[in-house]
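Spelled out from the first residue to the last, the chains are:
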Amino acid sequence: MVRAVDAQDLLAVRIQAVQMNVFHLMQRPGSSTIQALGGLHQMAGWPRPIFTDSGGFQVYSLLRQNAKSGSITDRGAVFRPEGAERKFNLTPEKSVQLQLSYGSDVIICLDDCTHPEAPLAVQQESVERTILWAQRCRETFDQILAQRGVAAAERPLIMGVIQGGQSHELRRYCAEALLEIGFDAYGYGGWPLDGEGNLLEEMLAYTREVVPEHFPIHALGVGHPDNVAACVAMGYNIFDSTMPTRDARHGRLYAFTVDPAASQLNSNWFQYVYAGDKKHVKRNEPISPYCDCLLCHRYSLGYLHHLFKLNDSLFPRLATIHNLRFMTQLMANLRET
Ligand SMILES: [Zn+2]
């Protein structure tokens, strides 16, 4: 689920939900194994909500790296990741079926992802296919729940993903079609950054505006602290990203420069602390005076540097716990101010 930490570590830093991915899960450990192990909640020991992503973005990334590793048609995606023994098929129907069989709480529709700088014709095709697939996802979702006899109040939620690249018309058209089909929540689909790595602020803000305010909206894949802050200001409520945990494992830690419980975050409110930096060898204080995580509560930056240099397996756990606590402190601050 999240590398290097377990469910207790996540609960301790007040993570509210986790997101897992069909693309990865269907390959490893594989759907029949997940079912044999009692579904995702039981397997991971995680009592709070689980979002499952449809795999659309991962298929897109795989094909972008190597066009020969698969193909996408209206029917769905066929792909064979490097090193895999067989091909995988991912249709809208199958994506929903798998997410429900894993025991997910929030199902995300399979979408046809594009690069924001792809030509308009490509964006158009992606939007049409995303709408077609969303319709089929919704139908499959309703059918399976009706067969299972799940009460309305107990059913999982389902999220539609809005594509359209950098075209206002296409973003609006896609959002309106998805609203017409009807979902519990919506997501901003496609890579959220431009070629220089800057957040596509204008398009994210526009997409939030075309979805009525009472619907929650997910900024899929947005995870840089500055970008999360910008998206919350636009009205986004849900985030998922591998960035804080990947940064942690690589020794890039986040630290507030002001108390997030007491201040509004204006400029320069956080900094990176590099665990491998020589200057920390004898630092006998925590990474951040404003953090209450296991690492900051118990250990010095000097000790963390030592663990990093040794490649000790305790390092990724402590670092991950810290960066995740930074993110939950950030969300608490942004929600209150
Ligand atoms: Zn900490």
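Here, every reference points to the structure presented above.
Keep in mind that this is a model prediction, so the values were computed, not measured.

Conventions adopted
Residues numbered from 1 in each chain as written. Predicted model: local features only at pLDDT ≥ 70, side-chain atom pairs only at ≥ 80, totals over all residues. Heavy atoms only, no water. Donors = N, O, S within 2.8 Å, 3.2 Å for Na, K, Ca; no water. Tetrahedral: all angles 85-135°; square planar, octahedral: opposite > 155°, others 65-115°. Phe/Tyr/Trp six-rings, centres within 6.5 Å; stacked < 30°, edge-to-face > 60°. Helix = DSSP H or I, 4+ residues; strand = E, 2+ residues; numbered from the N terminus. Buried < 20%, exposed > 50% of the residue type's maximum accessible area, 1.4 Å probe, protein only. Lys NZ or Arg CZ within 6 Å of the ring centre and 35° of its normal. Pairing = 2+ DSSP bridges. Axes fitted to C-alpha atoms, helices over the stretch in contact; angles between N-to-C directions. Contact = heavy atoms within 4.5 Å.

Trainee: Hey, could you run me through the coordination of the zinc ion in this one?
Mentor: Surrounding the zinc ion are the protein donor atoms Cys291 (SG), Cys293 (SG), Cys296 (SG) and His322 (ND1), which sit 2.1 to 2.3 Å from the metal. Every donor counted, the 4 donor atoms about the zinc ion form angles of 96 to 117° at the centre, which fits tetrahedral coordination.

Trainee: I tried to follow the packing of aromatic side chains on my own but got confused; where do I start?
Mentor: For any pair of aromatic rings, the description consists of the separation of the ring centres together with the inter-plane angle of the planes. For the structure on display, the rule yields 18 aromatic pairs. Here phenylalanine 57 and tryptophan 191 contribute two aromatic rings whose centre-to-centre distance is 6.0 Å and whose plane-to-plane angle is 15°, an arrangement assigned as stacked. With phenylalanine 57 in helix H5 (residues 56-65) and tryptophan 191 in the loop between strand E8 (185-188) and helix H9 (201-210), this residue pair connects regions lying 134 residues apart in the sequence. The exposure class of tryptophan 191 is partly exposed, given its relative accessible area of 36%. Among the aromatic side chains, those forming a connected cluster through ring pairs are Tyr254, Phe256, Trp269, Phe270, Tyr272, Tyr274 and Phe326. For arginine 171, the ring lying beneath its charged end belongs to tyrosine 188, and the centroid distance is 4.0 Å. Directly above the aromatic system of tyrosine 272 lies the positively charged group of arginine 252, at a separation of 4.0 Å from the ring centroid.

Trainee: Whenever I open this one, the sheet that holds strand E5 (residues 88-90) confuses me. Can you help?
Mentor: The strands making up a sheet associate through backbone hydrogen bonding, with each pair oriented either parallel or antiparallel. Spatially, 3 strands are ordered E3-E4-E5 in an open sheet, and the strand pairing comes out antiparallel. The open sheet terminates on both sides in strands that have one partner only, identified here as strand E3 (70-73) and E5. Neighbour to neighbour, the strand axes of the sheet diverge by 10° on average, direction disregarded. Inspection of the sheet shows E3 paired to strand E4 (residues 76-79) by 4 bridges, in the antiparallel sense. Residue threonine 73 lies in a different strand from E4, and its bridge partner there is glycine 76.

Trainee: I'm lost on helix H13 (residues 301-310) in this one. Help?
Mentor: In an α-helix there are 3.6 residues to a turn, and that puts residues three or four apart on one side. Looking only at H13, the buried set comprises Leu301, Gly302, Leu304, His305 and Leu307. Check the buried side of H13 and you find it contacts strand E11 (252-256), strand E12 (270-274), helix H12 (294-298) and helix H14 (314-336).

Trainee: Could you clarify how one ought to interpret helix H10 (residues 225-234) in this entry?
Mentor: Most of H10 sits inside the fold, with 8 of its 10 residues counted as buried. Taken together, the buried positions of H10 are occupied by Pro225, Asn227, Val228, Ala229, Ala230, Cys231, Val232 and Met234. Where H10 is buried, its residues touch H9, strand E9 (217-220), strand E10 (238-240), E11, E12 and H14. Just past H10, the residue glycine 235 takes up positive phi, approximately 110°.

These figures capture arrangement, not role.
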